[in-house]
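Take a look at the letters that make up each chain.
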Amino acid sequence: MGRETMRKGSRLGAVLLAFALMAGCVAAAGATAAVAASADPQQAHAAEQGWKKSRGSWWYQYANGSYARGWKAIDGAWYRFDRAGWMQTGWARDGGRWFYLGKSGAMATGWKRVSGIWYYFSTSGAMKTGWQQIGGTWYYFAPSGAMQTGWQKVSGKWYYLEPSGAMRASAWVGNTYYVQANGAMAANCWVDGGRYYVDGSGRWVPGKKKPVVPLYSQAGRLRVDGTHLVGENGKTVQLRGVSTHGLAWFPQYVSKPAFQTLRDDWGANVVRLALYTAEYGGYCTGGDKAQLEALIDKGVKAASDLGMYVIIDWHILSDGNPQTYQSQAVDFFGRMAAKYKGYGNVIYEICNEPQNSPFASVIKPYANKVLKAIRASDKKAVVLVGTNTWSQDVDEVIGNRLADPNVMYTLHFYAATHQQWNRDKLKRALDAGVPVFVSECSITDASGNGAIDRASANAWLKLMNDNAVSYVAWSLCNKNESSALVSPASNALSGWSRGQLSETGKWWRNAIANS
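Residues numbered from 1 in each chain as written. Predicted model: local features only at pLDDT ≥ 70, side-chain atom pairs only at ≥ 80, totals over all residues. Heavy atoms only, no water.

### With respect to unusual backbone geometry
Short version of the rule: Helix numbers and strand numbers start at the N terminus; a helix is a DSSP run of H or I with at least 4 residues, a strand a run of E with at least 2.
At the junction of W474 and S475, the peptide bond is cis and its omega measures out at -10° in the coordinates. Looking at the secondary structure, you find S475 in strand β27 (residues 471-476). The phi torsion at S115 lies on the positive side, around 50°, for a residue other than glycine. Mapped onto the elements, S115 comes out in the loop between β7 (110-114) and β8 (117-121).

Written out as structure tokens, the structure is:
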């Protein structure tokens with residue numbers, strides 16, 4: 001009986017031991033699962049697609065229970081996950097390229113400021129280095145990716161980068177150094193339209209002037225050839241210059257020193273003498289004709305002494321129909337042609353800005369009469385004929401040209417008002433073989449006193465330069481309006497410094513010098 005009792009006790013102990021072992025195994029398995037869950041985000045949650053956060057870190061789970069690893073596009077943004085599935089932030093290097101992942105984990109593209117430094121990332125997220133053209137502007141990024149500013153030496157050349165990082169081009173830096181169109185600092189050469197010299201260190205050499213060779217001494221009397229002007233040597237000539245305001249309004253700017261400043265400092269080769277017909281002091285409305293003709297004579301002789309071309313402009317404006325003062329125009333131009341027939345540099349503009357005057361039925365008959373008076377004395381002078389709607393409708397001339405081969409047709413623009421639609425008119429006329437001369441233009445609106453439109457102005461300048469179209473900027477005076485070239489605060493009549501020019505004057509000075 002004792003042995004039987006002992007056998008039962010042994011069996012009971014074995015059963016209890018087995019249960020204990022099983023309980024230990026279950027507990028161990030649970031502990032192992034908990035450890036695994038802390039190391040593997042896939043085991044931490046049930047399969048519900050979306051972002052998950054465990055122990056302060058983010059991961060992304062798919063509906064099938066798997067989780068994101070490597071680069072993944074989620075909701076329109078790219079993210080990078082390590083091999084364990086945790087979302088990464090900050091700088092990441094992949095395939096030899098650097099990427100930046102924001103605090104949200106989203107990959108950066110475009111401009112990004114990191115710790116106070118600007119970087120630029122491509123659409124693929126790769127950090128850019130070296131020269132990069134962004135939105136039409138050049139920037140330079142160091143090998144670290146940091147955007148550079150100030151003076152930087154790249155491949156042996158110096159460049160100046162604005163505080164914004166944009167490369168400066170075709171401009172002065174601190175009135176001492178000049179950077180060229182490609183941004184590189186100039187050295188040992190003439191710059192800014194050939195007006196200034198910089199030495200080997202790039203510094204401007206004050207007082208050193210490049211000898212000016214007047215255009216008239218090279219080209220002589222001009223003639224129309226196709227859509228262009230050509231000189232006696234047969235080479236294409238593009239006239240670039242400035243118009244006076246009304247001669248009765250600002251006579252003080254009609255002088256040899258003023259014109260010489262335009263020639264030597266601006267690179268101008270033509271001036272336009274604006275003789276108003278009807279406005280204040282108008283030639284046909286009570287103005288002093290003798291005094292006005294004396295100013296024209298002074299201007300013609302000053303330009304001639306300087307080897308510049310000169311336009312005598314019959315400046316109709318409020319008298320929009322050129323036939324209003326047709327008899328006076330015939331008399332005036334007949335006498336001017338007789339007086340200046342020996343001047344090969346004189347050009348006649350016979351109607352500034354006609355309005356409500358169709359070319360074929362109004363302007364052309366008028367032009368034929370005035371042209372006849374000019375040709376009675378001067379068979380070769382270039383003559384400019386205005387077009388309808390303030391000389392905008394130059395395309396009306398297509399199929400309606402005058403028989404005289406030495407006539408050009410004018411187009412006027414004010415860049416803030418006259419946009420692509422007017423540039424298209426110029427292009428249509430040129431494509432049809434019409435010789436066009438832009439005898440008045442500005443970068444403001446049509447009032448002459450509005451906002452400046454630099455983008456439109458640049459488009460006009462490119463179109464004219466690309467097609468060798470001659471142009472004259474309005475106007476040489478210090479009138480308190482945005483199209484005046486001299487600052488209203490300046491009383492200087494010549495030798496204008498940059499500070500004495502208006503914003504429009506600064507733009508045209510640069511445009512004329514660098515065309």
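### Brief notes about the sheet that holds strand β17 (residues 223-225)
Under the convention used in this document: For two strands to count as paired, DSSP must find a minimum of two bridges between them.
Pairing is antiparallel across the open sheet formed by three strands, whose spatial order is β17-β18-β19. This sheet does not close on itself; its edge strands, each paired only once, are β17 and β19 (236-237). The pairing of β17 with strand β18 (residues 228-230) spans three bridges and is classified as antiparallel. Bridge assignment links V224 to a residue of β18, and that residue is L229.

### Side note on the domain arrangement of the chain
Rules: As used throughout, domain bounds are those supplied by an automatic or database domain assignment. Two residues form a contact once any of their heavy atoms are found within 4.5 Å. Salt bridges are defined as contacts in which a side-chain nitrogen from Lys or Arg sits within 4 Å of a carboxyl oxygen from Asp or Glu. Pairs of N or O atoms within 3.5 Å make up the polar contacts considered here, provided that, within protein, one atom can donate a hydrogen while the other can accept it, and that residues adjacent in sequence are counted only when both atoms are side-chain atoms.
Looking at the chain, the domain boundaries give domain 1 (50-121), domain 2 (130-205) and domain 3 (216-514). Just the C-alpha atoms count here: the centres of domain 2 and domain 3 sit 36 Å apart. Taken residue by residue, the interface counts six residues in domain 2 and seven residues in domain 3. Applying the counting criterion to the domain 2 and domain 3 interface returns one salt bridge. For R509, the salt bridge goes to D192, with nearest N and O atoms at 3.8 Å. Summed over the shared surface of domain 2 and domain 3, the result is three residue pairs in polar contact (both at pLDDT 80 or more).

### Considering the pairing of strand β22 (residues 309-315)
In the case of a regular strand, side chains alternate between the two sheet surfaces. Selection criterion: Exposure categories follow from relative accessible area, calculated using a 1.4 Å probe and restricted to protein chains: below 20% of the type maximum is buried, above 50% is exposed, and the middle band is partly exposed. We call a crossover right-handed when, viewed with the strands running away from us, the connection from the first strand over the helix to the second turns clockwise.
For β22, the buried fraction is high: seven of the seven residues fall into the buried class. On β22, burial covers both faces: Y309, I311, D313 and H315 on one face and V310, I312 and W314 on the other are all buried. Where strand β21 (residues 270-276) and β22 come together, seven bridges link them in parallel fashion. Looking at the pairing, L275 lines up with W314 of β22. Handedness of the β21-helix α4 (residues 289-305)-β22 crossover: right-handed. Taken together, β22, helix α5 (residues 326-339) and strand β23 (residues 346-349) form a β-α-β motif whose crossover is right-handed.

### Observations concerning the environment of A278
Position of A278 among the secondary structure elements: in the loop between β21 and α4. Excluding its chain neighbours within four sequence positions, the residues that come into contact with A278 are T285, S318, D319 and Y325.

### A closer look at the layout of surface pockets
Selection rule: Here a cavity means grid points, on a 1 Å grid over the protein atoms only, where a 1.4 Å probe fits yet cannot get out; a pocket means an open set of points with protein on both sides within 12 Å along at least five of seven lines; lining residues are those with an atom within 4 Å of a point. Grid points are joined across faces, edges and corners, and a volume is the space filled by probe spheres set on the points. For this classification, Asp, Glu, Lys and Arg are treated as charged, while Ala, Val, Leu, Ile, Met, Phe, Trp, Tyr, Cys and Pro are nonpolar and the rest, including Gly, are polar.
Of the pockets and cavities examined, the largest pocket occupies roughly 930 Å³. Along the walls of the largest pocket sit 30 residues, with S170, A171, D192, R498 and N510 positioned nearest its centre. For the lining of the largest pocket, the secondary structure elements donating two or more residues are β13 (171-173), β15 (189-191), α9 (454-466) and α10 (503-513). Per-element tally for the lining of the largest pocket: the top contributor is α10, with six residues. In terms of residue class, the lining of the largest pocket is made up of 14 nonpolar, nine polar and seven charged. Residue assignment places the lining of the largest pocket across two domains, with domain 2 (130-205) and domain 3 (216-514) each supplying three or more. Size it by volume and the second largest pocket reaches roughly 680 Å³. Every residue lining the second largest pocket is counted, 31 residues in all, and those nearest its centre are V212, V213, R240, R263 and G267. Mapped by element, the contributors of at least two residues to the lining of the second largest pocket are α2 (215-219), β19, α3 (256-266) and α10.

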